[in-house]
Amino acid sequence: MSGRSEHLEARGLVFHVNRWGADGAPAIVVLHGWGDCGATFAPLAECWAEHGPVAAPDMRGFGGTQHAGGTDYLFPEYIPDLDAILDRLAPNGPIVLVGHSMGAQIASLYAGIRPERVSHLVLLDGLHLPDSDPDRAPKRYRQWLHQLAQPPEIKRYGDFDELAARIRRQHPKLDAQRADAIARAWGEADGDGVRLRMDPVHRRRGPLLYRAAESMAIWREITAPVLFVDGGASPFPDAIDAAERTRRRECFADHSVVTIPDTGHMLHFEAPDATAAAVTRWLHAQGAPAAAAHGTDAA
């Protein structure tokens, strides 16, 4: 994948950051989902970077970013991670923040906690996590303790072709070249074949339950305009009912919704051109800076 790699230190870890476009503070920052990494957003970033820098950090324990040393990856840690990353990448102004899936949850919370740092917020097929019943807490903590006694195994494949084939089985719309690029972003060769770069500790379920009411309280603090980009064929929205989805989105005072037809959860895999164009059109309509809204679709 095109682009360039950089590294920065923050909160005791070395973070890998994928960069596209000109040097300098990014106009757009992209946050990937669980199990993914920033490099797979190259097709979108290349569209946006024609007129302004784009950055996609690998969150802790994903992609090329340092693992956290065997400790659990508790979700709240992503918020100060992002804050520290933005202090390094774009210290002097607000940015367009784009998040996919898990990255959408991180981005949405950050935009409510630090509203002055986000000029526009784009959420790609996200915020569908079901609310948790607090009565599940005892069982969840017991499961967590049980998992702590059984370290997760590193996921391995014979070679990149095998990993790419697995990716294509899961995402049949991908061609061989794109699947190979994703495989090389997710995996790295070692003496035993190819291992996933993601820290296997991420597969351990932590003790914390998702409390939608807390997220909703933070979302109401967002001042940026928000675009929801949904995959028309994604199964994830079915995790909550239509009424709950409406209730959540009503927390965002200024929001729009775009659906990419016949596209699953991985919008940046299956429909990168349509997804990039939808975001570009919306940014242009919002009067976003030229560095973020550009291209033929913004004309």
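Being a predicted model, the structure only gives us computed values, none of them experimental.

Rules behind the numbers
- For every chain, the first residue of its written sequence is number 1, and the numbers climb from 1 along that sequence.
- Where local features are concerned, this predicted model is filtered to residues with pLDDT of at least 70; where side-chain atom pairs are given and counted, the filter is 80 or more; whole-chain, interface and lining totals use all residues.
- Just so you know, side-chain values use all the structure's heavy atoms and leave hydrogens and water out.
- A simple rule labels every residue: compare its accessible area, found with a 1.4 Å probe on the protein chains alone, to the largest value its type can have, and call it buried under 20%, exposed over 50%, or partly exposed in between.
- Secondary structure elements are taken from DSSP: a helix is a run of H or I of four residues or more, a strand is a run of E of two residues or more, and numbering for both begins at the N terminus.
- Here the arc refers to the set of directions running from the helix axis out to each C-beta atom.
- Throughout, a residue-residue contact means that at least one pair of heavy atoms, one from each residue, lies within 4.5 Å.
- At least two DSSP bridges between two strands are needed for those strands to be called paired.
- Under this scheme, a helix contributes an axis fitted over its contacting stretch, all axes are lines through C-alpha atoms, and angles between N-to-C directions fall in the 0 to 180 degree range.
- The term salt bridge refers to a side-chain nitrogen of Lys or Arg lying within 4 Å of a carboxyl oxygen of Asp or Glu.

**With respect to helix α7 (residues 212-219)**
Next, step 1: For α7, the complete set of buried residues consists of Ala212, Ser215, Met216 and Trp219. Burial along α7 is one-sided: seen end-on, the buried residues are contained in an arc of 100°.
Next, step 2: Packed against the buried residues of α7 are α3 (102-113) and α8 (242-249).

**What about the sheet that holds strand β9 (residues 193-196)?**
Consider a sheet: its strands pair through backbone hydrogen bonds, and that pairing is either parallel or antiparallel.
Next, step 1: Strand order in this open sheet of three strands is β7-β9-β8, and the pairing throughout is antiparallel. The sheet is open, and its two borders are formed by β7 (156-157) and β8 (187-190), each paired with just one other strand.
Next, step 2: Bridge analysis of β7 against β9 gives two bridges, and the strand direction is antiparallel. Following the sheet pairing, arginine 156 is matched in β9 by arginine 195.
Next, step 3: Seen against the sheet, helix α5 (residues 160-170) touches β7, β8 and β9 and runs at an angle of roughly 155° to β8.
Next, step 4: Helix α6 (residues 176-186) contacts β8 and β9 of the sheet and is inclined by roughly 70° relative to β8.

**Quick notes on the pattern of salt bridges**
Next, step 1: All told, the structure shown has 16 salt bridges when counted by the stated rule.
Next, step 2: Between arginine 247 and glutamate 244 there is a salt bridge, with its nearest N and O atoms 2.9 Å apart. With arginine 247 and glutamate 244 both in helix α8, this residue pair falls three residues apart, about one helical turn.
Next, step 3: Members of the salt-bridge network, linked through shared partners, are Arg4, Glu6, Arg19 and Asp23.

The values reported here are purely geometric and, on their own, carry no functional implication.
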